[in-house]
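Reading the structure
As a plain string of letters, each chain reads:
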Amino acid sequence: MTIATHPFDALMDITPRPHIVFARGEGSRLWDDTGKRYLDFIQGWAVNSLGHSPPVLIDALTAQAKRLITPSPAFYNDASLKLAAALIAHSAFDQVFFTSSGAEANEGAIKLARKFGALHRNGAYEIITFENSFHGRTLATMSASGKKAFEPLFEPKVPGFPKAITNDIASVERLIGANTIAVMLEPIQGESGVWPATPEFLQALRALTKEHGLLLIVDEIQTGMGRTGTLFNYEQASIAPDIMTLGKGIGGGAPLGALLATNHAAVFEHGDQGGTFNGNPLMCAAGLAVLTHIAEPAFLKSVRDHGLFLADELQRISARHGLGGVRGSGLLLALDLKRPIAAAVVAAALEDGLLLNAPRPDALRLMPALNVTRAEISQMIAMLDAILTRMGAARCVG
Ligand code: PLP
């Protein structure tokens, strides 16, 4: 038996983590095990749609846990049937496969497209993805991702993911060949720093994929479930994709993902897809509670309103401190800092009890709970303003 010298040492050291242990959360607040309070504008990386431990989620999980947790994916359960029906009713798709993470949903989308190619297009298997995209950390989804830092890792990669450039339809057209079966993209690239595809590009992509008989796959793991002010981001471009993947916000903090497809694209046959925890009622009950709440038109309007308020406030302090613009949609926003100070801002914010994210050296990403209040946004802005003022003063002294 090995005794870890420090409790942190028993966990694989896969990322630099501050030595803080979180103990409790409520709405937009988190507390660590020393009792220090934090205002959370990360929310598990755009996961806790309704904030930390919202009563609707606690009630749904508790009630379901008392009734049935996992009967096996080889049988139906009522929670997964209800959630699948609700997702279909609210989207452009006809069938759902539930997963436990976003990467697993994307892995399923890749397999579904390859199966479609095997059945309908002489074994075509290539899926055009995009530079700077992020689709997950399984081997196939890392291969599909256009993240530069992934390039040297875990070679050889899964082949068949040529990379195009977002908002450049000619770059997609150039890559289409006899082996192409699909195009896959995030409507807003989240992990690389909140870079939106324009509605015109998404419409052109839909037209181009239709013209060539290709599937259009939208990875809405970060942009979906109300995050950008509509239930799904593709709605804002008035397009109907063939396949969509969901994760993060769909479970409101519970590990749930989903692969959705139209009847035309849903070509899995028995034995092609599965997984022990897929569609388990505990997670699906969580998903149903979240969806029921966020699909309300008034709730989605409040996401748009709060998103506009947050964007305006960010613009205001950006002007005060000589920073750059605000990108994104709804409550998935980035502030361009115009200089590589994002890590220093995040560290200072943590010290002050504010959780922020720096997806790149010169940008902050804001992804609060979808039910964040105006008062919480104003408090975050005041804290960020104070940090930027301190840092500006330090620069002047330095
Ligand atoms: N796709 C997108 C757009 C994401 O933002 C993420 C996670 O950040 C993933 C896929 C992977 O999801 P998961 O971490 O749940 O596997």
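Please refer to the structure placed before this passage.
Residues numbered from 1 in each chain as written. Predicted model: local features only at pLDDT ≥ 70, side-chain atom pairs only at ≥ 80, totals over all residues. Heavy atoms only, no water.

What follows covers the overall build of the protein. Across its full length, the protein carries 11 helices and 17 strands. What you see for the protein is a C-alpha radius of gyration of 21 Å, in line with the 21 Å of a compact globule of 398 residues. Considering the protein as a whole, with its 398 residues, one finds that 52% of them fall into the buried category. Intrachain contacts of the protein at a sequence separation of at least 6 include 70% that bridge at least 24 residues. Here the protein contributes 34 positively and 37 negatively charged side chains, and the mean placements of these two sets differ by 3 Å. (Helix = DSSP H or I, 4+ residues; strand = E, 2+ residues; numbered from the N terminus. Rg over C-alpha atoms; globule rule 2.2 N^0.38 Å. Buried < 20%, exposed > 50% of the residue type's maximum accessible area, 1.4 Å probe, protein only. Contact = heavy atoms within 4.5 Å. Lys, Arg positive; Asp, Glu negative; His and termini not counted. Charge placed at Lys NZ, Arg CZ, Asp CG, Glu CD.)

Moving on to the packing of helix 3 (residues 78–89) against helix 8 (residues 281–294). Two elements in contact, helix 3 and helix 8, have axes whose closest approach is 8 Å; the angle formed by their N-to-C orientations is 35 degrees. For the element pair helix 3 and helix 8, the recorded crossing hand is left-handed. Residue-level inspection shows Ala 79, Ser 80, Lys 82, Leu 83, Ala 86 and Leu 87 of helix 3 in contact with helix 8, the latter providing Pro 281, Cys 284, Ala 285, Gly 287, Leu 288 and Leu 291. Looking at side-chain class alone, the contact of helix 3 with helix 8 contains 9 nonpolar, 2 polar and 1 charged residues. (Axes fitted to C-alpha atoms, helices over the stretch in contact; angles between N-to-C directions. Left-handed = near helix turned anticlockwise from the far one by under 90°. Nonpolar A, V, L, I, M, F, W, Y, C, P; charged D, E, K, R; others polar.)

Moving on to the site of the ligand. Looking at the ligand, there are 13 residues lining it, with Gly 102, Ala 103, Asp 219, Gln 222 and Lys 248 nearest. Within the contact set of the ligand, an oxygen atom lies 2.8 Å away from a backbone nitrogen or oxygen of Gly 102. In this structure, an oxygen atom belonging to the ligand sits 2.8 Å away from a side-chain N or O atom of Gln 222. Of the residues belonging to the shell around the ligand, the class tally is 3 nonpolar, 6 polar and 4 charged. (Near = heavy atom within 4 Å. Polar contact = N/O pair within 3.5 Å; in protein donor to acceptor, adjacent residues only side chain to side chain.)

Fair warning: the whole summary comes from geometry, so function is off the table for now.
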